[in-house]
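Breakdown of the fold
Given next are the chains, with one letter for each unit.
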Amino acid sequence: MDLIYYLELAVNGAMGGLMYSLVAMGIVLIYKSSSVPNLAQGALTMVAAYMVLAFADALGIAPLVAMPLAAATMFLCGMLIEKVALRRLAGWPIVMVLMMTLGLDIFMRAVTLTFWGGSARTLDLGIPDTPLFIGPLLINRAYVVGAVVALVFFVIFRLFFRTRRGILLRAIADDYVASWSVGISVEHGVALSWALSAVTATAAGALWGSVQTVDQGLSLLLLKGLTVAVLGGLDSIGGAILAGLLLGILENIMAGYLDPLLGGGTRELVVALVLILTIMIRPFGLFGKHDIERI
Amino acid sequence: MFYRQAGVFHTDYASDSSLFPIRFERRVMLILLLLALAAPYLLDSLVLVSYVQPWLIWTSAVLGLNLILGWAGQFHFGYAAIMGIGAYASVHATRHGVPWELAVLLGGMAASVIGMVFAFAALRVKGLYLALSTLAMQFVMDWVISHVPAVSGGVSATLQAPPPSLLGLVITSEAGVYYIVLAWVVLVTLFMLNLRRSALGRAFIAVREKDFAAAVIGVQSFYYKLVAFAVSAFIGGISGAILVFCFYRAVTAEQFSIEVSIQLLAMTIIGGLGSIIGSFFGAAFILLLPGQINNLVTSLAQSMSLPLGPETLAHIPHVVYGAAIILVLLVEPMGLGKIYRNIRDYLMVWPYGYLRK
């Protein structure tokens, strides 16, 4: 009985973890191309979820149909953010860049709430509520869909990085000065990575919005996305998937075990501890490049 | 203008390395200090208690954060947790009968000791990874503060802070509390000003610029990073204690959450890294601007009879807060302190602009 309970926690955790990977992939895409750790990814996810709802309400269509429209809008938003806010800070110390993404985070969250209000809203993607039975295990269908979407995004990005544009992005990630000197437009590449990351955020926002509700809580995905991104290695998309699985399982099992003992709220604690331990033991993560300056 | 270096001849090292080498600035500082001392009699008590006092307390915390971020160059995304430790430690100490002055000092020391834990992250990684690990530590500290009943007095509990007292004399008047705050901020400001011309400050700057280069010229970067974390945590701890005793009058876990850490960072960076006058500007900017703009928007909306819902109005200060951070970083990434410096440098040689160094 106990074993099955923990197995169930592990399987659901793994699926949920893959949904964290969606947030993490957005962070990784931007970090790869421009070495900017995007602390506004949580806010982007939240904006995207509200955007899906807004399109669905305005046009009277199902949220699932509104998703491509929202994704297209977010694509433009991502480019705009890069062009207006981040491009001018290229070359400044990282602390200013971090502050800029924090400022963007505060700004986007507040603007969303000003327009659409802070009350929680439901987002129905048409995923049935009834759990999926696999043997004795109960599995949340929304998590399954989320996990599949995360894997699809992973495959798309793997394929994309083999196209001409993807190769340009990889070149920029590898050495942007060298790419500049051979005539690759680094600006366009970085803007594209922001746009793709905003599209990933749309998927993450819609899926998490359907699991939880659409409210300010979506921006809290930042900590989890960040932890997954660091654990997998900040410049590795495959790492984000594996780390998402690991963190999801660990978090769910630890929370299932510790919550009754410590009186709740251990999820955040486990995630924060994983982040600290990763940075202390293996700062470049599972698959990241080993070139982090150690002291 | 008045801002002249003309006629200022330093004939000995002492006058050359004085805090304010330009006579005009020295006089301005004196006048400002007198104004600050007279403030309880000049200002409305509402303005004094709800604007000036929090501004001064936050400024002292920002100066502490500036020490670690602007001078020693170590990221600290968990400064609010440090302030919280100082606040909780001193409140618990006073509740157990420790005299107020000692309790505040104890708070500072407790913060200092735990602040060293943050330093151990700094001994292993730097830059972005240090930022992320201190951010995670803030979450852990938040959790510990709110979930350990011995610290917080139970989940979502509020601990009353007794009024401050000096040498057994309980201070209840607004002016008295204000003078405590003023004394602390003047003390921290003087410390920071003197840091510039002391060996400690120069060692911090050496570590900030390049830690292994500092090690090559004989500045132990390990040691100075630890010292920077400890000193800045001490300032932060006492500022947190004073914030609770003199302003909030009670302590809860939410007062020192991650948002507060980000707000402190915003104040420091908007003010200008390593800039002392910038810390004053930054704290005022982030603390006062959103509220003022909100008042403006509310009155505009009323005069033009625009229907703005209460929810919309509730979020406008945050929009302004975020936009202000973005705008200042776009216009002048070195912050308000740099803008002030530019104006000062301009006035210094006006109208002979070509003399500018």
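Everything numeric in this text was worked out from a predicted model, so none of it was measured.

1. Points about the overall build of chain A
Within chain A, the secondary structure is distributed over 11 helices and 2 strands. The order of helices and strands in chain A, counted from the N terminus, is α-α-α-α-β-β-α-α-α-α-α-α-α. The C-alpha atoms of chain A give 19 Å as radius of gyration, which agrees with the globular expectation for 295 residues (19 Å, within 12%). A total of 295 residues make up chain A; the buried ones form 51% of that total. Long-range pairs, those at least 24 residues apart, make up 76% of the contacts in chain A between residues at least 6 apart in sequence.

2. Comments concerning the environment of F204 of chain B
Residue and element names in this part refer to chain B. One can find F204 in helix α9 (residues 199-209). Judged by C-beta crowding, with 27 C-beta atoms within 10 Å, F204 ranks as buried. The contact partners of F204, leaving out residues within four places of it in the chain, are W71, A72, Y224 and A228.

3. Thoughts on helix α6 (residues 128-147) of chain B
Compared with an ideal rise of 1.5 Å per residue, which puts 20 residues at 28 Å, α6 of chain B spans 29 Å between its outermost C-alpha atoms and is within 8% of the ideal. In terms of burial, α6 of chain B is a largely internal element, 16 of the 20 residues being buried.

4. Here's the deal with the packing of helix α13 (residues 276-303) of chain B against helix α14 (residues 310-331) of chain B
Angle between the axes and distance between the axes: these two values describe a pair of packed helices. All names here are of chain B. Where α13 meets α14, the axes come as close as 9 Å, and the angle between the chain directions of the two elements is 135°. Regarding the angle of α13 to α14, the classification is oblique. Both α13 and α14 take part in a crossing whose hand is right-handed. Counted together, F285, I286, L289, P290, G291, I293, N294, V297 and T298 of α13 and L313, I316, P317, V320, Y321 and A324 of α14 form the full contact between these two elements. Partitioning the contact of α13 with α14 into residue classes produces 12 nonpolar, 3 polar and no charged.

5. Here's the deal with helix α12 (residues 258-271) of chain B
All names here are of chain B. Between the first and last C-alpha of α12 there are 20 Å, a value that for 14 residues agrees with the 20 Å anticipated at 1.5 Å per step. Counted residue by residue, α12 has 12 buried out of 14 residues, so it is predominantly covered. For α12, the full list of buried residues reads V260, S261, I262, Q263, L264, L265, A266, M267, T268, I269, I270 and G271. Following α12 by one or two positions, G272 has its phi on the positive side, about 120°.

6. Focus: the interface of chain B and chain A
Taken together, the contact pairs 37 residues of chain B with 41 residues of chain A. Elements represented by at least two residues in the side of chain B that touches chain A include exactly α6, α12 and α14 of chain B. If you tally residues by element for the side of chain B that touches chain A, the top one is α14 of chain B, at 13 residues. Taken together, the residues that form the side of chain B that touches chain A break down as 26 nonpolar, 7 polar and 4 charged.

7. A look at unusual backbone geometry
The phi angle at S35 of chain A is positive, at roughly 55°, despite the residue not being glycine. Along the polypeptide, S35 of chain A turns up in the loop between α1 (2-34) and α2 (41-59). Note on S35 of chain A: 16 C-beta atoms within 10 Å, which makes it partly exposed. Positive phi outside glycine occurs at L167 of chain B, with the angle close to 50°.

8. Section: the confidence of the model for chain B
Residue and element names in this part refer to chain B. Residues with a pLDDT of 70 or more make up 97% of chain B, whose mean pLDDT is 88. Within chain B, no element has a lower average pLDDT than helix α7 (residues 149-152), which sits at 78, and none a higher one than helix α8 (residues 174-195), at 94. Taken together, the chains of this predicted complex give a pTM of 0.91 and an interface ipTM of 0.89.

9. Describing the packing of helix α2 (residues 23-42) of chain B against α8 of chain B
Residues and elements named next belong to chain B. Where α2 meets α8, the closest approach of the two axes is 10 Å, and the angle between their N-to-C directions is 160°. When the axes of α2 and α8 are compared, the pair comes out roughly antiparallel. Crossing handedness for the pair α2 and α8: right-handed. For the pair α2 and α8, contact is made by A36, A39 and P40 and by E174, A175, Y178 and L182, respectively. Its residues assigned to classes, the contact of α2 with α8 comprises 6 nonpolar, no polar and 1 charged.

Cut-offs used in this document
- Residues numbered from 1 in each chain as written.
- Chains lettered and ligands numbered in written order.
- Predicted model: local features only at pLDDT ≥ 70, side-chain atom pairs only at ≥ 80, totals over all residues.
- Helix = DSSP H or I, 4+ residues; strand = E, 2+ residues; numbered from the N terminus.
- Rg over C-alpha atoms; globule rule 2.2 N^0.38 Å.
- Buried ≥ 20, exposed ≤ 12 C-beta atoms within 10 Å, placed from the backbone.
- Contact = placed C-beta atoms within 7 Å.
- Expected span 1.5 Å × (residues − 1).
- Axes fitted to C-alpha atoms, helices over the stretch in contact; angles between N-to-C directions.
- Parallel < 35°, antiparallel > 145°, perpendicular 65-115°, else oblique.
- Left-handed = near helix turned anticlockwise from the far one by under 90°.
- Nonpolar A, V, L, I, M, F, W, Y, C, P; charged D, E, K, R; others polar.
- pLDDT = per-residue confidence, 0-100.

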